[in-house]
Amino acid sequence: MEQGTMIDHRYRVVRPLGGGGMANVYQAFDTYLNRDVTLKMIRLDIKDQPDAVERFQREAKSATALINDHIVQVYDAGEFDGSSYLVMEYVDGMDLKDYTQAHFPIPYHEVVDIMEQILDAVAAAHRAGIIHRDLKPQNILIDKQGQVKITDFGIATAKKSQSLTQVHTVIGSIHYLAPELPIGQHASAQSDIYALGVILYELLTNRVPYQGDTPEQVAYKHGNMPMPFVRDFDSQVPQPLENVILRATAKNPADRYFSAEDMADDLKTSLSKRRSQEKRYVPETSDETRLVDTDLSDRPYVADPDTLKDPEEGKSVTEQIIDYAKQGMSVKEIATKVDRTPKFVRQVLSKNGVKYKSAKKWVVSLVMLLLLLAGIGGASYFESNYVTMPDVTNMSLNQAESKLSNAGLTVSSPTYASSKTVANGQVIKTKPGSGAYLKKGTSVSLVVSSGGNKVSLADYSGWSYGEAAAQLSGQGFTVKRKSQASSDVPSGEVISQSVAAFTSVDPSSTTITLTVSTGPSKVQVPNLVGKNQSDAISWANANRIQLSFNFTNSNQPSGQVIAQDTPSGSQITSDKTVTLTISSGQESSSNSNNNSNNSNNNASSSSSSSSSSSASSSSNNH
């Protein structure tokens, strides 16, 4: 649509925002309520398709049933020139896909903050009995203040209604699709949670976990390939944070989080140093392998890994493993080829009676041969003169020095460094590292924690949330956002902070919550027509709304409201003025002079712009 096009004499098109398979999206201006909105118009080529219309209706019904700070609100729905449209809350920002690409790498605490906002919205939808079914970064918006909002409930469905899920039809985006959906199982809270795990993976790596030339290949990998480890991409990612992904994306839905609230609770502590020693998460049913049909049709679910077919090779994994072994490949090489663990490869080969080459066996044999050649004397010399460097990280300096001395190693003067995760006085790392083979008497260097450096907080009142959060994040703080309406502080600016300004605190162990203004609170305008002027003034004073009066002759009793410029049910802020038309009664020749005086008073009252001055005008006319 062209810029300036008016929809239903109310919504003026400002600019296109993009489009998708179902609709074109525009920024528009609501001339009735004087606000920016998002206009979603069904595409002309599909406007007569019942499924498309149903999706529009479904989105309107799903979103309007949900009230949450992190869900885009639907304001209105209608039809223009035979095309269905939706009017929605306008979010001034970008989708999460673009945001990730523009800001990558994103600090871990910011990733957690974004995910917590997403989870809050998904939890609200699930509590209302609505499964989103198409969660992906493109359907998640983030504004300039860091506020996250989920949109596009076009294929959302009630938990008890699964009419859009069919064995032959895949609904949702394939890169975020839970493995049970393409084989005909119903969408559930756990399938939404799987998509959230993939989104978290992408926030940390700027890539999706599985790629393929066709949707079928991607679906196959979701069902059968292990979830890649984000710590292989970035070794600094805390293990508890990676564990959130691994649990959310478990192949078996029963191994995933029971609810979005459970996932949020786990995520909240994922950066805590108290969980720094956590082991990698392994699902209870981790050996189970799921089959996803390569044609996404109705092949039955198969849980036996011996019968899994790779769409690229046309052979089962077992057949490929046996063929590679017969070609003389080692277990490690085969494991890399078929994307399985060496343990799995050895089990398959042993089960089928196939001999295989093991790099470990070859190394062991070589070591044994060398020992035999070197003789017992050589082995004794090695054992008496060399030692394995012990692991002394997270020990106190005295404990570390004692353990190294007992191992026959010497310790040089330690160096100190600040650390967010290792307590003051404990060893951060050693040079050489643990596990190294060292000659006895070798000098070892220790790096010891001096604790986290304390920072004196600034006063962030009046700062934009983005600027305040960026500075605090750069100093190492965990930043949370809390929204609050305010008539005094502009939208997006900080009202207050949870830790007082000029307080000195350790960023590594401090979470700061910034209370951010959402602008003036909104008031719903009642139907004032038929009320007395004094009643209208009382309502305005109670809600801090400004009134303006126009007086006119009327058959209605003097002082009665006969019209209002703002429709009842409208949501307005205290900076808006509501104009009321007040009856001054019928004009007669016998009191023309009196009417003249009233006209003067009316003119004075009409110029009044506040509810308090309106009250004064009211008393002059009664």
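Residues numbered from 1 in each chain as written. Predicted model: local features only at pLDDT ≥ 70, side-chain atom pairs only at ≥ 80, totals over all residues. Heavy atoms only, no water.

1. Examining the pattern of salt bridges
The tally for this structure, following the rule as stated, stands at 14 salt bridges. Between aspartate 92 and lysine 144 there is a salt bridge whose closest N-O contact spans 3.6 Å. Taken together, the residues aspartate 92 in the loop between β6 (83-89) and β7 (93-95) and lysine 144 in the loop between β9 (140-143) and β10 (148-150) connect sequence positions 52 residues apart. The exposure class assigned to aspartate 92 is partly exposed, which follows from its relative accessible area of 38%. The class of lysine 144 is exposed, set by a relative accessible area of 60%. (Salt bridge = Lys/Arg side-chain N within 4 Å of Asp/Glu carboxyl O. Helix = DSSP H or I, 4+ residues; strand = E, 2+ residues; numbered from the N terminus. Buried < 20%, exposed > 50% of the residue type's maximum accessible area, 1.4 Å probe, protein only.)

2. What to know about empty space enclosed by the protein
Gaps left between atoms show up when a probe the size of a water molecule is rolled over them. Under the counting rule described, the total for this entry stands at 3 cavities of 30 Å³ or more. Space inside the largest cavity adds up to approximately 80 Å³. Residue lining of the largest cavity: 13 residues in total, with Arg133, Asp134, Tyr176, Leu177 and Ala195 positioned closest to the centre. (1 Å grid on protein atoms, 1.4 Å probe; cavity = no way out; pocket = protein on both sides within 12 Å on 5 of 7 lines; lining within 4 Å. Points joined across faces, edges and corners; volume = space filled by probe spheres on them.)

3. Notes on unusual backbone geometry
The omega torsion of the bond from phenylalanine 104 to proline 105 falls at 0°, within 30 degrees of zero and hence cis. Topologically, proline 105 is positioned in the loop between α2 (96-103) and α3 (108-127). With omega at 0°, the peptide bond leading from lysine 431 into proline 432 counts as cis. Of note in the backbone geometry, arginine 133 takes a positive phi value of approximately 75° without being a glycine. Topologically, arginine 133 is positioned in the loop between β8 (130-131) and β9. Owing to a relative accessible area of 8%, arginine 133 belongs among the buried residues under this scheme. Within the chain, asparagine 206 stands out as a residue other than glycine whose phi angle is a positive 60°. Looking at the element boundaries, asparagine 206 is found in the loop between α4 (189-205) and α5 (215-224).

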